[in-house]
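Each chain, written out:
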Amino acid sequence: MDVARGESKKKPALAEFFKSRQNSSMDRLSFFGLMVKPVQRFPQFILFLQDLLNHTGHGHPDRMSLQLALTQLESLAELLNERKREAEQTQAFKDILKSISGKLSTRPLADVHRVLLRQDDVTQLDMNQAGHVAKYKPRRLLLLNDLLVCVSVNEASRLTLKWSCPISDVQEIMKCKYFCHHQDMNQAGHVAKYKPRRLLLLNDLLVCVSVNEASRLTLKWSCPISDVQ
């Protein structure tokens, strides 16, 4: 429908054709109204069968057929909604890939076999020579069925490709992420204060950071995994 609407705006002759057909039809429905009509029919049919079933006695010979028809229509409506949701997700995924500046891969972006499984906003930690966190960089990871893609996101939500690699080359190095509370003890050995902290277990470091309300991470300490008991 969006394609037809866009083409009618670009081509006056097509828009005039739609208008003339609408004026000559008995119900005066527009082309776009006709496209929506089949979709609107399913809920109407379901409501009609539900009402008919409520007025059909349990011993009536038609009740079983009505129940079967209602079940089939409800299943079909659910299937149509699922297909619509998948189509919207696919289009949104294609829009995301097209918005990435940089060469993603040799395969075309519109490849029907490429699927977005998940996307998450993460923070990249750049380490200095001493093994401490030197810089934080906001990133977004896109997990596709064949690629892991890392992009940066600017204020205009423009995506810039940083790197990508095949899923077959990805090895999990962060085993887990812990949310914990750091306990400050007083001189009597009692807990004086609780501080929320996040522990990041990397393949070579254990990193402790604090997280503020804006999800900004602040390094508190880090140590090599070899020193952890």
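This structure is a prediction, so every number in the text was calculated from the model and none was measured.

> With reference to specific residues and values, describe the nonpolar core.
Core analysis: the largest hydrophobic core is formed by 10 residues, namely F93, I96, L97, L142, L144, L147, V149, V151, L159 and L161. Of all the elements in the fold, those that place two or more residues in this core are α4 (63–98), β3 (133–144), β4 (147–153) and β5 (159–166). Both of domain 1 (1–102) and domain 2 (116–227) provide at least three residues apiece to this core. L125, V133, V209 and L217 belong to the second-largest nonpolar core, a separate cluster that totals 8 residues.

> Could you give an account of the packing of aromatic side chains, naming the residues involved and the relevant values?
With the rule as written, the count across this model stands at 4 aromatic pairs. A ring pair is formed by F17 and F18, whose centres lie 6.2 Å apart and whose planes are at 50°; its orientation type is tilted. Exposure remark for F17: the relative accessible area of 47% places this residue in the partly exposed category. Among the residues examined, F18 registers a relative accessible area of 14% and is labelled buried. Both rings, one in F31 and one in F32, keep their centres 5.5 Å apart while their planes meet at 80°; by these two values the pair is edge-to-face. Grouping aromatic residues by their ring pairs yields a cluster made of F17, F18, F31 and F32.

> Which residues make up the pattern of salt bridges, and what values do they have?
What the rule picks out here adds up to 5 salt bridges. The residue K11 makes a salt bridge to E7 at a minimum N-O spacing of 3.2 Å. Overall, E7 belongs to the partly exposed group, its relative accessible area being 24%. Among the charged side chains, a network of salt bridges with common partners joins E7, K10 and K11.

The rules behind the values
Residues numbered from 1 in each chain as written. Predicted model: local features only at pLDDT ≥ 70, side-chain atom pairs only at ≥ 80, totals over all residues. Heavy atoms only, no water. Core = buried A, V, L, I, M, F, W, Y, C linked by side-chain atoms within 4.5 Å. Buried < 20%, exposed > 50% of the residue type's maximum accessible area, 1.4 Å probe, protein only. Helix = DSSP H or I, 4+ residues; strand = E, 2+ residues; numbered from the N terminus. Domains from an automatic or database assignment. Phe/Tyr/Trp six-rings, centres within 6.5 Å; stacked < 30°, edge-to-face > 60°. Salt bridge = Lys/Arg side-chain N within 4 Å of Asp/Glu carboxyl O.

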